[in-house]
Structure formats: structure tokens, C-alpha cells
Amino acid sequence: MKILVCISNVPDTTSKINFTDGDTKFDTNGVQFVINPNDEFGLTRAMWFKEKQGAIVHIATVGGPSVEPTMRKALAIGADEAFRINTEPTDGFSVAKQLAEVVKNGSYDLVIGGRESIDYNGGMVPGILASLTNMNFINSCINLEIDGNNVTAVREIDGGKEKLSSALPLVVGGQKGLVEESDLRIPNMRGIMMARKKALTVVEPIDAIKATEDKKFDKPAPKGQVKLADSVDQLVDLLHNEAKVI
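Residues numbered from 1 in each chain as written. Predicted model: local features only at pLDDT ≥ 70, side-chain atom pairs only at ≥ 80, totals over all residues. Heavy atoms only, no water.

Enquirer: I tried to follow the layout of surface pockets on my own but got confused; where do I start?
Expert: Roughly 180 Å³ of volume is contained in the second largest pocket. Considering the residues around the second largest pocket, the lining is formed by 14 residues, among which Ala76, Ile77, Gly78, Asn188 and Gly191 are closest to the centre. Only α2 (68-77) and α5 (189-195) provide two or more residues apiece to the lining of the second largest pocket. Looking at which element gives the most residues to the lining of the second largest pocket, the answer is α5, with 4 residues. Here the lining of the second largest pocket is built from residues that sort into 7 nonpolar, 3 polar and 4 charged. (1 Å grid on protein atoms, 1.4 Å probe; cavity = no way out; pocket = protein on both sides within 12 Å on 5 of 7 lines; lining within 4 Å. Points joined across faces, edges and corners; volume = space filled by probe spheres on them. Helix = DSSP H or I, 4+ residues; strand = E, 2+ residues; numbered from the N terminus. Nonpolar A, V, L, I, M, F, W, Y, C, P; charged D, E, K, R; others polar.)

Enquirer: Is there a simple way to explain the pattern of salt bridges in this structure?
Expert: This model, assessed by the stated rule, comprises 9 salt bridges. Between Glu51 and Arg185 there is a salt bridge; the shortest N-O distance is 2.5 Å. One end of the pair, Glu51, is in helix α1 (residues 37-53); the other, Arg185, is in the loop between β12 (170-174) and α5, with 134 residues separating them in the sequence. Judged by its relative accessible area of 28%, Arg185 is partly exposed. In this structure, the salt-bridge partner of Glu68 is Arg84, at a minimum N-O distance of 2.9 Å. Here the residue Glu68 occupies a position in helix α2, and Arg84 occupies one in strand β7 (residues 81-85), the gap between them amounting to 16 residues. Judged by its relative accessible area of 23%, Glu68 falls in the partly exposed class. (Salt bridge = Lys/Arg side-chain N within 4 Å of Asp/Glu carboxyl O. Buried < 20%, exposed > 50% of the residue type's maximum accessible area, 1.4 Å probe, protein only.)

Enquirer: Could you clarify how one ought to interpret the packing of helix α3 (residues 92-106) against helix α4 (residues 125-133) in this entry?
Expert: When two helices pack together, their arrangement is given by the angle between the helix axes and by the axis-to-axis distance. Running from N to C, α3 and α4 point in directions that differ by 45°, and their axes come no closer than 9 Å. It follows that α3 is oblique to α4 by the angle criterion. Of the two elements, α3 crosses α4, and the hand of that crossing is right-handed. Contacts from Gly92, Phe93, Val95, Ala96, Lys97, Leu99, Ala100, Val103 and Lys104 in α3 reach Val125, Ile128, Leu129, Leu132 and Thr133 in α4. (Axes fitted to C-alpha atoms, helices over the stretch in contact; angles between N-to-C directions. Parallel < 35°, antiparallel > 145°, perpendicular 65-115°, else oblique. Left-handed = near helix turned anticlockwise from the far one by under 90°. Contact = heavy atoms within 4.5 Å.)

See the structure below:
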């Protein structure tokens, strides 16, 4: 089985977020980038298939040279080979178009991506990718088992879970539950040293239209001043007369 894991390079959730050019562009200065958490769950599941079923695991990322440290971490975790599509990820449709070209050229059986990235939360790339490659698609996947070409999956739905059967080739939009946080792997020194020798191929992008455009970003309003109540009576009075919620 040949697996491609799509990796997004996203800001660490502890990073301070700012914008430039009139709040139209994300300011990357001083920001630490990491593997998108939903993608990392997928990568860890792919490692399970590699160890249990002998799968070959590749990763692909759309981005410039700055994303390569994140890709090297994925290689250190255990991926066999990496592809960097040499263009900036401007929107979900163009990213899916670039990844679809890698999928078609690589003849992959299984493509795993995160349900969404934690930077723009578009949640569109896996579905568009499945459509462009004419592959089956399961989103919000929290469990995945493969026996030959037969797939059994569980996905999260409103108010519960849904068990599905499908077949390879398949695109999966994964999330927490595909593996647990305790299953995530920290690269060890041996993995880091081996990652330096693994192939990281730069692929030139195809022509792809930008279907959407970011016009402006607004940061959340700062929190208001906190007022502490000294008694239950004062709390009730504040909630009634000032907050007007009771």
C-alpha cells in the first residue's frame, strides 16, 4: 500500500498573531511553525500502517523553502520521502490542485490529510482533492482500518459516530481520534539523523487559479475589565443591573 500524507505548515497555537499591509496579510515575523495537528494525527496513523502492513509513506506540502523544517520533522517521525510543491498556498482550491498532481503522478492507494488546518480553518482541501482525483472520500475520520482494498472507517457526525465501509483508492480527512494525542511521536535523534538523508524533492507547481482571496483579517476584540464580586448578593446585582443577563 502506498500512502501520501498531506502536511500543512501552520503557526504554533502559542504564537502571537499579527497582520500587516492594512490587516490583509499574516505577519510571519517571530512565529514558530509546526505540523498542522490534524495532519499529524493522519501521519501517525500512516506510520501504524507502515509498521503493521509494510506501507510506503510519502508526504507532500505546498509552500516555499521555509516549510522544509516542518517537512524534515515529518520525515524524522518516519515518512519515507517528501515532496514540496514550490508555490505559496494561496487558497484551498489551488492547494488541492497542486496536491492532486502529486497524487496522480504517484499512484497512491490512500491519501490522508487533516480535516482542516488550524490557521485558516477552510476545511476544503481533502474534499476537493478527492473530487479532482476521482477517489472515494471520508471526512472527519476518527478510525481507519484497511484489509486489502477494503476499508472500514468511523467518522464523527453531529451527536454521534457513523461507521462506513469503502474501498481503495481513498482520500481521508482525519482528526483527533484517528489516533490519540498520546500516540503522537516525538522524533528521536536517530530519526532526525536519518531524515537528513531522505529525499525531499522540490516539484514545480502547475497553473492553478486562485478561487478565493482574503480581503482583510480582524483580531478578536480585547477582553473587557474583570470585576470581582465580594458576595453572592453583589454578584447577583452585577449580573442583573450591569451585565443584564438575569
